[in-house]
Amino acid sequence: METIEFQQLDETLYYKQLNNGLDVYILPKKGFSKTFVTFTTKYGSIDRTFVPIGETEPITVPDGIAHFLEHKMFEKEDGDVFQKFSEVGAQANAFTSFTRTAYLFSATDHIYKSTETLLNFVQEPYFTEETVNKEKGIIGQEITMYDDQPDWRLYFGAIENMYHNHPVKIDIAGTIDSIDGITAEHLYTCYNTFYHPSNMLLFVIGAVDPVEMMAFIEDNQNKKTFQEPTDLKRLFDEEPTNVAEKERVLHMDVQKPKVYVGLKAKQVGLSGEEMLKHELAVQIGVECLFGRASSFYTDVYENGLIDESYGYDFSLENGYGFALIGSDSEQPEQLAKLIKEKLAESEQGNLFTSEDVERIKRKKIGFFLRALNSIEFIANQFTRYKFNDMNLFDVVPVLETITVEDIEKAFKTIQGEEQQTVFTIMPVSGRDQK
């Protein structure tokens, strides 16, 4: 077993890749009574076209199938898995994102029993046509519920505007029509391809003995047989760098209009420390221009163009990335206009000062160090970083190296009129009056 020391943070991470290819990381935390365990596959909603394991030709599966599969994993022939966790006082959950599906539990006792339950239920699929068809109604209600949420529609509307072909523009849960085409055979094909241990990561954090826990996990895995690991082949259509639609409006039952200005990233092929530094640099740049200490924020706030819903962010994954800036606003057109003017001003240079950059770096380092006191935060973030060949515990040292020049260089990758889109949600009454 390998030990990885992070002296600056006084953390020791234990790692071993098991014979079946499963990566296991254990982070003991002194003084904590709770333990979190996450079991995650590098398989999310964007993985819709791929070559199934053991085959040579690619297939495209119905949209929303990764999320559908996550739902079905909890249902077994002998009942619901949640009941087994509840019996020993553990809380279980799961989620599907664009790039991964995670199963997890937290508990203060019976950690080995719950770890065994987690490993076994994720590695013992049970799907029938009858139970799959039953689940369609449940997930259909979930899709309908999200369709009625204006903030969710705003978020996805902006992403839809940015992307021509990339499946990130498709809702993680799919549509009622797309999930209607899902069969038990589809689920087994996706499971066998993406749930192989060599495509998964187990992360344990909390009150555990790393040697004993690693031996327990390895013993569980050695009792099971798996196919030989193969290289996964995911296929994506070529994506232009410009946005698909410059502007779009959706009418919904809202009291106040909502608007996002989206900025489509041009540099999306990074990984490792290079990706970590680039993502952090763009985030600092966005905060310099649009953060709550910026002159822009003061202007739009004092002029009543934004409210407490105002927000900004930049996220990056392998193959896609985007920034979103926006708010609920009685004057969405004026707010979008000012955001775009600020972006145009940034292209002239000299907007990122060393004073602002150092202030924001200190703020982000402070936030991160506080967050490391939360095992929930670490458990939720660790795997996302690992799947991009980054390390969560490198955030502070990398932040310390970022310069004004790094930010200017990174920010250019989201600049340009062709990278910008505006998505607005207007009240239904606004349409009726036109």
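Scroll up for the structure.
Residues numbered from 1 in each chain as written. Predicted model: local features only at pLDDT ≥ 70, side-chain atom pairs only at ≥ 80, totals over all residues. Heavy atoms only, no water.

### Digging into helix H12 (residues 354-371)
It helps to recall that an α-helix has 3.6 residues per turn; residues three or four apart then point in one direction. Compared with the 26 Å implied by 1.5 Å per residue over 18 residues, the 25 Å span of H12 between its first and last C-alpha is a close match. Those residues of H12 that fall on the buried side of the exposure criterion are Val357, Ile360, Lys361, Lys364, Ile365, Phe368 and Ala371. Along the axis of H12, the buried residues cluster in a sector spanning 140°; they form a single face. Among the exposed residues of H12, those oriented more than 90 degrees off its buried face are Glu355, Arg362 and Arg370. Packed against the buried residues of H12 are helix H9 (272-290), helix H13 (375-387), helix H14 (395-401) and helix H15 (404-411). (Helix = DSSP H or I, 4+ residues; strand = E, 2+ residues; numbered from the N terminus. Expected span 1.5 Å × (residues − 1). Buried < 20%, exposed > 50% of the residue type's maximum accessible area, 1.4 Å probe, protein only. Arc of directions from axis to C-beta. Contact = heavy atoms within 4.5 Å.)

### Notes on the environment of Lys224
Along the chain, Lys224 turns up in the loop between helix H8 (210-222) and strand S12 (233-234). Measuring from C-alpha to C-alpha, the distance between Lys224 and Asn161 comes to 46 Å, with 63 residues separating the pair along the chain. Beyond its immediate sequence surroundings of up to four residues, Lys224 is in contact with Leu119, Asn120 and Gln123. Engagement of the side chain of Lys224 in a polar contact is seen with the side chain of Asn120, the distance being 2.8 Å. (Polar contact = N/O pair within 3.5 Å; in protein donor to acceptor, adjacent residues only side chain to side chain.)

### With respect to the sheet that holds S12
By definition, the strands of a sheet pair up through backbone hydrogen bonds, in either a parallel or an antiparallel sense. Read from one edge of the open sheet, 3 strands run S6-S5-S12, paired in antiparallel fashion. Either end of the sheet is taken by a strand with one partner, and the two such strands are strand S6 (59-60) and S12. Here strand S5 (residues 49-51) runs beside S12; their pairing, made up of 2 bridges, is antiparallel. Bridged to Val51 within S12 is Lys233. (Pairing = 2+ DSSP bridges.)

### Quick notes on H13
In this model, H13 (13 residues) spans 19 Å end to end at C-alpha, consistent with the 18 Å of a helix rising 1.5 Å per residue. The complete set of buried residues in H13 reads Ile375, Ile378, Ala379, Phe382, Thr383, Arg384, Tyr385 and Phe387. In the segment just after H13, Asp389 is the residue with positive phi, at about 60°.

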